[in-house]
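Structural characterization, general
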Amino acid sequence: MSSIAIPLRSLLQNPSTIKSKHHAKQLHAQVLKTEGSSSSLMATILSIYSHLGFLHESLIIFNTFTSLPTIIAWKSVIRCYTYHGLFKDSLTCFSYMRASGKHPDHNVFPSVLKSCTGLMDFKLGESVHGCIVRLGVDADLYTGNALMNMYSKFQNMDEGFDSRRFSSGNVDLVYEKIPERNFDIKVDIEKDPHPRSLKFLGKNQNQLLVSGGVTPRRRRDMVYIESVKKVFDMMPSKDIVSWNTVIAGYVHNGMCEEALRTVRNIGRANLMPDSFTLSSILPIFAKYVDISRGKEIHGYTLRHGFDSDDFIASSLIDMYAKCTRVDDSLRIFHLLPQLDVISWNSIIAGCVQNGLFDEGLKLFRQMLTAKVKPSSLTFSSIMPACAHLTTLHLGKQLHGYITRNGFDKNVFIASALVDMYAKCGNIRIARSIFDKMDSPDMVSWTAMIMGYALHGHANEALLLFHKMKMENVRPNYVAFVAALTACSHGGLVDEARMLFNCMIEDYGISPGLEHYAAVADLLGRAGKLEEAYEFISKMHIRPTGSVWATLLSSCRVHKNIELAERVGEKVFQIDPENIGAYILMSNIYSSAGRWKEAAKMRVAMKGRGMTKKPACTWIEVKNKIHAFVAGDKSHPYYDRIKEALKVMLEQMERKGYVLNTDDVLHDVEEEQKRNLLCSHSERLAIAFGIISTPSGTTIRVTKNLRVCVDCHTATKFISEIAGREIVMRDVSRFHHFKDGKCSCGDYW
């Protein structure tokens, strides 16, 4: 009979009662003092150290075994390696355990499968699965959950997949034996006091190979979820983790009905959905804007006390935001007892996605005040707000914070920075950030190409597009939109035709409304109005009112009233609420002096309750946004602005500037037209910028409508007289005015 004292025996029989390193070491010392280094007792101590995550101590004990380690010892070291993320060491250890003749039990495989998942090694993962089936431990609950988790994580990885190894309904197992080997296992503690791996010294270090295939499959891109489902169906017992894993796999693959049907079946299995279940299915209702069923889930969370769970709350915030119910998102957010970075990210993203840019920025500042450290997702969410509001100063501040905290290497954040700087008018910095990216993804390439397109650098945009293809990045739907937009702003008709055909014939991308609109806009700008009309008429999808409206705008530029009336009829038939078409037709008639027809358009607008959006221009001066509307006299600096404009007008006229009153669309006297032109919102903003900033400072303004011909001409004169670069972003593109010239080449 063993001489172990009763309290000591009790501890060894219930090792889970040991909760600290100090107690584990005390127990270890007591065992050595009373019983020596018995293999079975040392295996138990090793198991305790491993359970607590102490790798160094675990390996010290492992090295003391004079004979081959027990299965408990192997299991403990494998588990400890996996816990510390040393997946290769864990799998190597498993290989040597198998080579030593030890048969792993169900307690070993969860750690081994987690290591395969961590390495994203599909071939090895399926090999281990084959071993599990061969040894008959595939019915174990935790092993089954680990298998499903592994296949779920493999869903984004196709490398190494061989469809020939799968056959419907069959499991083909191949076990490759390895030759006998003589080996010692040794860790030099003196030289390596914190060992990170076992050092195997032997004649033959070939790894044990077990290979197998598991899963029927319907098609290549569904093989992993089919693997998950097959494992799930074969499990004799399932817990909520099992159900959640298969549900998450369905959601990831867009199999929403299957996911919801599986959720309903949880109740039939006498289980209750938990917070993970609910946070997995809420994105389905967000995706399909199903507010009704989303609210049902919200009610369920309230009844069962899940509403304070961080993941549930974030999923609800996201769901309501995707359903354009931001007020509900904000209500949930403000009711949370504790706010973590996930909650902040969800509400900031929800506000920005719904166009509440100021609210998003306000929440971001509150997040910093609350001492919550932003994550990479925070910056990816907030940067678009700076881009839309063209708040370059704030964007630069965020850029500085990103760099100081080491987020600048994150490809998603770098892409957001490229987009922000491009949309705030600084294409040079955007390109600098892009060039520093190690591996730009499709979003990065597209952001840079579109940035060049909007700034009128068509050739640079197309060069970058072709460089992207040369670097084996396959252009997608959005990339072609960016390239065609570049052609549109650069008047590159032949290049656009080539790109449009290439997209269809070489890449199999079916043209969407954005592609058609870009080409129609290009043809219209180039004066090929009839060709544009035919192009739209032959679209393989029904053209929307907005596509026809691009041609209507070109008809106005080229003063083709006859075609404009035909196009206008098309717009009014398809989209009778398109206010832009009414305004364009009214302007076209006004330009031609057909005041009666113009008045009819305005009456029709009034009858439908439509109101024209007032022209507005914004400028950022000393970290504050100033807004101006046409004829606005409310600004505190209005008198100084008016005087500056008067002085500049006199200097402009001496240099040859002549007011172009064609765009004054009112039947009024010439003098009144002159006053109306001189009080356009962009001129007020530019004049304010000049009198409010030091000499030489770049003036950056944003206008909500297209800049008129006369203001475009006037701004060229102002840039020369004031010696300033003026960057103007209108509704369609950027204009860089410098030394009396514009980057658009007067083509916009």
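Bear in mind the structure is a predicted one, so any value in this text is a computation, not a measurement. Every chain's residues receive numbers from 1 upward, in the order its sequence appears when written. The predicted origin of the model limits local features to residues at a pLDDT of at least 70 and limits the giving and counting of side-chain atom pairs to 80 or more, whereas totals for whole chains, interfaces and linings rest on all residues. Excluding hydrogens and water, the side-chain figures rest on all heavy atoms present in the structure.

Points about the overall build of the protein chain
What counts, and what does not: Helix and strand assignments follow DSSP, with helices taken as H or I runs no shorter than four residues and strands as E runs no shorter than two, numbered in order from the N terminus. In what follows, a contact means two residues having at least one pair of non-hydrogen atoms within 4.5 Å. For the accessible areas, the method is Shrake-Rupley and the probe is 1.4 Å, while residue cover comes only from the protein chains on display.
Scanning the protein chain for helices and strands turns up 36 helices and ten strands. Taking contacts inside the protein chain between residues at least 6 apart in sequence as the whole, the part at least 24 apart equals 65%. When the accessible area of the protein chain is evaluated, it comes to approximately 36,200 Å², of which 52% is carbon and sulfur surface.

Observations regarding the packing of helix H22 (residues 427-435) against helix H23 (residues 442-454)
Put simply, the rule reads: Geometry is summarised by axes, namely lines fitted to C-alpha atoms with helices restricted to the contacting stretch, and by angles between N-to-C directions that run from 0 to 180 degrees. Orientation categories follow fixed angle ranges, with anything under 35 degrees roughly parallel, anything over 145 roughly antiparallel, 65 to 115 roughly perpendicular, and all other angles oblique. Handedness of each helix crossing follows the sense of rotation of the near helix against the far helix: counterclockwise by less than a right angle gives left-handed, clockwise gives right-handed. Amino acids outside the nonpolar list (Ala, Val, Leu, Ile, Met, Phe, Trp, Tyr, Cys, Pro) and the charged list (Asp, Glu, Lys, Arg) are all regarded as polar, and Gly is one of them.
Where H22 contacts H23, the axes come no closer than 10 Å and their chain directions differ by 160°. Classed by the angle they form, the pair H22 and H23 counts as roughly antiparallel. As for how H22 packs across H23, the hand of that crossing is left-handed. Across from Ile-427, Ala-430, Arg-431 and Phe-434 in H22, the residues of H23 making contact are Ser-444, Trp-445, Met-448, Gly-451 and Tyr-452. Of the residues assigned to the contact of H22 with H23, the class counts are six nonpolar, two polar and one charged.

Considering the nonpolar core
Stated precisely, the cut-off is as follows: For the purposes of this section, nonpolar cores are sets of buried Ala, Val, Leu, Ile, Met, Phe, Trp, Tyr and Cys residues that join through side-chain atoms within 4.5 Å. Here's how the labels work: a residue is buried when its accessible area is under 20% of the maximum for its type, exposed when over 50%, partly exposed in between, all with a 1.4 Å probe on protein chains only.
Counting 183 residues, the largest nonpolar core has Tyr-151 and Leu-551 as the members making the most contacts within it. The element that contributes the greatest number of residues to this core is helix H21 (residues 411-423), accounting for eight residues. Aside from chain neighbours lying at most four places away, what touches Leu-551 is Leu-529, Ala-532, Tyr-533, Ile-536 and Val-567. The next biggest cluster of nonpolar side chains, apart from the first, holds 32 residues, and it includes Leu-677, Ala-685, Ile-690 and Trp-748.

Concerning the UniProt feature "repeat: PPR" (unreviewed entry) in the protein chain
Which entries qualify depends on this criterion: UniProt positions are given in the numbering used here, feature names are shortened, and annotations may be inferred rather than shown by experiment.
Residues given the UniProt feature "repeat: PPR" (unreviewed entry) here are residues 70-104, 239-273, 340-374 and 441-475. End-to-end, the C-alpha atoms of residues 70-104 are 10 Å apart, and along that stretch the chain is 74% helix and 0% strand.

Side note on the pattern of salt bridges
For the record, the criterion: Between Lys or Arg on one side and Asp or Glu on the other, a salt bridge is scored when a side-chain nitrogen of the former is within 4 Å of a carboxyl oxygen of the latter.
Applying the stated criterion across every chain, the model contains 17 salt bridges. Here Lys-322 makes a salt bridge to Asp-318, at a shortest N to O gap of 3.2 Å. Highlighted residues: Lys-322 and Asp-318, both in helix H15 (residues 310-322), separated by four residues, approximately one helical turn. Residue class for Lys-322 comes out partly exposed when judged on its relative accessible area of 38%. What makes Asp-318 partly exposed here is its relative accessible area of 24%. Glu-530 is the salt-bridge partner of Arg-566, the closest N and O atoms lying 3.5 Å from each other. Remark: Glu-530 occurs in helix H28 (residues 529-537) and Arg-566 occurs in helix H30 (residues 561-574); sequence separation between them is 36 residues.

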